[in-house]
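# A closer look at the structure
Okay, here's what each chain looks like letter by letter:
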Amino acid sequence: MEVEFSKEEFFLPEIKYEYLDHTADVQLHAWGDSLLETFEQCGMAMFGYMTELDYVTVTSCYQIEAKADDIEGLLFHFLDELLFLFSAEPFLICKRLEITKFDIETFEIECRCYGEPFDLDKHPQGTEVKAITYSAMQIIQEPERNHYEVFVIIDI
């Protein structure tokens, strides 16, 4: 669902992710000071693997929702919704994600996705992401240290 937003209030967060080699696939590794920030960073890692985000301009904002039965499922469904937003109309490539609802008791996420439609004339083509997987998925939570990490293998 497309939503209104103010470009004056727009900022980009610090990058807290990397790509790790994995046999025939790639592993996203993201981290943050909260689980919410870590999920946002993992989503941005996926978009960053598909194109160079420096070429993305924010012209649109869409809101997605994800629900699950557990925390791993929530991460899976969140990334899957983001991938669907890219793979189907409006073909949105995101420059920023802002999770506005993050409930780890009911396992629900609502997220604002800021970006523009993917355009091969403007955006360098990275690697196509075919699917999100549960394979070797890890969610590390150390709240006493404000340390959170996720590892997700994506099928390319």
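How each quantity is defined
- Residues numbered from 1 in each chain as written.
- Predicted model: local features only at pLDDT ≥ 70, side-chain atom pairs only at ≥ 80, totals over all residues.
- Heavy atoms only, no water.
- Phe/Tyr/Trp six-rings, centres within 6.5 Å; stacked < 30°, edge-to-face > 60°.
- Helix = DSSP H or I, 4+ residues; strand = E, 2+ residues; numbered from the N terminus.
- Buried < 20%, exposed > 50% of the residue type's maximum accessible area, 1.4 Å probe, protein only.
- Pairing = 2+ DSSP bridges.
- UniProt positions renumbered as here; feature names shortened; annotations may be inferred.
- Expected span 1.5 Å × (residues − 1).
- Axes fitted to C-alpha atoms, helices over the stretch in contact; angles between N-to-C directions.
- Left-handed = near helix turned anticlockwise from the far one by under 90°.
- Contact = heavy atoms within 4.5 Å.
- Nonpolar A, V, L, I, M, F, W, Y, C, P; charged D, E, K, R; others polar.

## A short note on the packing of aromatic side chains
In this structure the tally under the stated criterion is six aromatic pairs. Consider the rings of Phe 86 and Phe 118, whose centres lie 5.4 Å apart with planes at 70 degrees: the pair is edge-to-face. Separated by 32 residues along the polypeptide, Phe 86 in helix 2 (residues 71–87) and Phe 118 in the loop between strand 5 (108–117) and strand 6 (131–132) bring together distant segments of the chain. Given the relative accessible area of 22%, Phe 118 is considered partly exposed. Through pairs of rings, three or more aromatic residues link up here, namely Tyr 17, Tyr 19 and Tyr 49.

## Points about the pairing of strand 4 (residues 92–103)
Direction of pairing for strand 4 relative to strand 5: antiparallel, over a ladder of ten bridges. Residue pairing for strand 5: Asp 103 is matched across the bridge by Glu 108. Taken together, strand 4 and the strand that follows it, strand 5, pair antiparallel across an intervening segment of four residues, in which Phe 107 is found at a positive phi of about 55 degrees.

## Section: the UniProt feature "domain: Archease" (unreviewed entry) in the protein
Per the UniProt record, "domain: Archease" (unreviewed entry) is found at residues 17–156. The span residues 17–156 is 24% helix and 43% strand, and its two end C-alpha atoms sit 18 Å from each other.

## Topic: helix 1 (residues 35–50)
Here helix 1 spans 23 Å end to end across 16 residues, near enough to the 22 Å set by a 1.5 Å rise per residue. Taking burial as the measure, the 16 residues of helix 1 include 13 buried ones, the bulk of the element.

## Regarding the packing of helix 1 against helix 2
Closest axis-to-axis distance for the helix 1/helix 2 pair is 11 Å, and the angle between their directions is 35 degrees. Remark: the crossing between helix 1 and helix 2 carries right-handed chirality. For the pair formed by helix 1 and helix 2, the contact residues are Leu 35, Phe 39, Cys 42, Gly 43, Met 46, Phe 47 and Met 50 on the first element and Ile 71, Leu 74, Leu 75, Phe 78, Leu 79, Leu 82, Leu 83 and Phe 86 on the second. Per-class residue counts for the contact of helix 1 with helix 2 are 14 nonpolar, one polar and no charged.

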